[in-house]
Amino acid sequence: MDKVEAMAKVCDFDPITGSIPATKVEISVSCRLVRRRAAVSASVVVLYTQGVESKQWREFGRTEVIDNTLNPDFVRKYILDYFFEEKQNLRFDVYDIDSKSPDLTKHDFLGQVFCTLGEIVGSPASRLEKPLGGIPGKKCGTIILSAEELGNCRDCATMQFCANKLDKKDFFGKSDPFMVFYRSNEDGTFTICHKTEVVKNTLHPVWQAFSIPVRALCNGDYDSHDFIGEFTTSFKELCRGQSPLNVYEVSGDRETESNPSQSTSLHYMNPYQMNAYAMALKAVGEIIQDYDSDKMFPALGFGAKLPPDGRVSHEFPLNGNIENPYCNGMEGILEAYHQSLKTVQLYGPTNFAPVVNHVARYAAAVQDGSQYFVLLIITDGVISDMAQTKEAIVNAAKLPMSIIIVGVGQAEFDAMVELDGDDIRISSRGKLAERDIVQFVPFRDYMDRTGNHVLSMARLAKDVLAEIPDQLISYMKSRGIKPCPPPPPYSPDDPPQASPI
């Protein structure tokens, strides 16, 4: 048992103060260094805690040593008891390791930071970034400290991974691959939690089996998604064990994670059948287009790099025409969608708020009941701006518009269900949405087992459009807008009306 793990076994009751910790927190450490004393070197961070009465600094533990980088992200964490009512002083010293000696005086000091545990926990997203000091007149870089409350999960996972047909990266050999595991944080960032060993000179590595506490992997949340190399999964999916369901396509570049030319992509353009995005578009659009007089629809994409400069956009016209994003009917939308896949590069993060606000601007300009707007969003369930999207929906709820969300693929759609608001009305910053304007359905629930896509699309359209009439009426009633009187019935005896000149 190494020193960090041993110190994690601190008794929950402190016999000196007689207090019980509010919780245990796990501290992750990263550095962004600017100075080195040697061309080839390695970094380590040492944590010291200060006694309540003696005020003496005692070494608590050390991270692992990371070689040859100015930006180390350490895997080994510090686990501390957190007392809300106490000032818990901490000191982090950074060293450049020159030998295997454990004596720190034999290594180069790179800088240090003083802070309190409460300062880390109380920072925005519990993430504290401070400049390293301790060397007069020198800029030493920065240290990044992140705190996360530990769950009570005591489960341990044992896993083994292999890969096939990896990219060749070495000029004279093949590749020396290893895997890095990151766990997702509540603020959308990722923290490193495990590294495998390096397997030398192979494109078909088999890494050794390893055991890791589920708490370290996902803090006990079995449904949280973890980026593993270049594919995403969840612990629940990994628990299925060795099966065809646990084979993942690995791309050499995260930017090509959704490459439409790959058969595993949800955007894959199969010459013989429509993909899920196209089917959802066609199913909903062919019905709702009957209620649009000119059959011209603006179609937007979100989450892609655009030519020619590669800027990331979350509000770009599928037809490439910023001045006129309108497409002629559903066939025009489908054609623009397929053409855009050939010109843009799909890219994260995935932000919903821009397109919601885009349609809301149109709806805000026509609130007399003469027009009603329906926004159809088709998504794989990933969302990077949940807070902003909630705010956009709450603001849009007072406008003449509805939002339909169709989820494609096999991901968990918890975030989309939350936006739906059927069970709990959506709110933002304490403000409740005036009415429910979002309808979400997962496309997979409508796939016919016999492969009858026409039947699947009909079922999808029926359910996804079911709430639109009531949502339209609720807006009209809330604004006191009444239907226009119907024209008088036509009678063949009526005299012809003169046309104005």
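Every chain is numbered on its own, with residues counted from 1 as its sequence reads. Confidence filtering applies because this is a predicted model: local features only for residues at pLDDT of at least 70, side-chain atom pairs given and counted only at 80 or more, and all residues used for totals across whole chains, interfaces and linings. Calculated side-chain values reflect all of the structure's heavy atoms, with hydrogen atoms and water omitted.

**Side note on the sheet that holds strand β24 (residues 401-407)**
Applied cut-off: Strands pair, by our definition, only if DSSP identifies at least two bridges between them. In this text, helices come from DSSP runs of H or I with a minimum length of four residues, and strands from runs of E with a minimum of two, each type numbered from the N-terminal end. Between N-to-C directions, angles span 0 to 180 degrees; the directions come from axes that are lines fitted to C-alpha atoms, helices contributing only their stretch in contact. In what follows, residue pairs with any heavy atoms lying within 4.5 Å of each other are defined as contacts.
Taken in spatial order, the three strands of this open sheet run β23-β24-β27, and their pairing is parallel. A strand with exactly one partner marks an edge of an open sheet, and here the two such strands are β23 (373-379) and β27 (438-442). Taking the axes of each pair of neighbouring strands and ignoring which way they run, one obtains an average angle of 15° across the sheet. Across the face of the sheet, helix α5 (residues 276-288) comes into contact with β23 and β24 while running at roughly 165° to β23.

**Brief notes about the environment of isoleucine 393**
Turning to its location among the elements, isoleucine 393 is positioned in helix α8 (residues 386-396). Along the backbone, isoleucine 393 and leucine 419 are 26 residues apart, and their C-alpha atoms lie at a distance of 8.3 Å. What isoleucine 393 contacts, discounting residues up to four positions off in sequence, is Val356, Ile403, Leu419, Ile426, Ile437 and Val438.

**With respect to the pattern of salt bridges**
Quick note on the threshold: Salt bridge, as applied in this entry: a Lys or Arg side-chain nitrogen positioned within 4 Å of an Asp or Glu carboxyl oxygen. Burial classification: accessible surface area is computed with a 1.4 Å probe over protein chains only, and a residue below 20% of its type maximum counts as buried, one above 50% as exposed, and the rest as partly exposed.
As enumerated under the stated definition, the model contains 12 salt bridges in all. Ionic pairing is found between aspartate 81 and lysine 24, a salt bridge with its closest N-O pair at 2.7 Å. Residue aspartate 81 is found in strand β5 (residues 78-82), and its partner lysine 24 is found in strand β1 (residues 23-33); the two are separated by 57 residues along the sequence. For aspartate 81, a relative accessible area of 10% gives the class buried. The closest approach of N and O atoms between glutamate 119 and lysine 130, which form a salt bridge, is 3.7 Å. Highlighted residues: glutamate 119 in helix α2 (residues 117-121) and lysine 130 in strand β8 (residues 127-131), separated in sequence by 11 residues. Classification of glutamate 119 as partly exposed rests on a relative accessible area of 30%. Through salt bridges with shared partners, a single ionic network connects Lys282, Glu286 and Glu331.

**Details of the sheet that holds strand β19 (residues 311-313)**
The strand order β19-β18-β22 describes an open sheet built from three strands, whose pairing is antiparallel. Every interior strand has two partners, whereas the edge strands, β19 and β22 (345-346), have only one. Two elements, strand β18 (residues 304-306) and β22, share two bridges in a ladder whose sense is antiparallel. In the sheet register, lysine 305 faces β22, and the bridge partner there is glutamine 345.

**Thoughts on the side chain of glutamine 471**
The condition is simple: Definition of a polar contact: a pair of N or O atoms within 3.5 Å, with one able to donate and the other able to accept a hydrogen when the atoms are protein atoms, and with sequence-neighbouring residues admitted only if both atoms are side-chain atoms.
Among the secondary structure elements, glutamine 471 is positioned in helix α11 (residues 468-478). Of the residues examined, glutamine 471 reaches a relative accessible area of 5% and is grouped as buried. A distance of 2.6 Å separates a polar atom in the side chain of glutamine 471 from a polar atom in the side chain of serine 402. Each residue touching glutamine 471, except ones within four places of it in the same chain, is listed here: Tyr372, Ser402, Arg435, Asp436, Ile437 and Val438.

**Some details on the confidence of the model for the protein**
Our working rule: One confidence number per residue, pLDDT, is output by the predictor and ranges from 0 to 100.
Put simply, the protein has an average pLDDT of 81, and 81% of its residues get 70 or more. Least confident of the elements in the protein is helix α1 (residues 3-7), whose mean pLDDT is 31; most confident is helix α7 (residues 353-364), at 95.

**Remarks on unusual backbone geometry**
For the bond running from proline 307 to proline 308, omega is 5°, close enough to zero to count as cis. We note that alanine 125 has phi near 60°; this positive angle belongs to a residue other than glycine. Mapped onto the fold, alanine 125 is located in the loop between α2 and β8. With a relative accessible area of 53%, alanine 125 lands in the exposed category.

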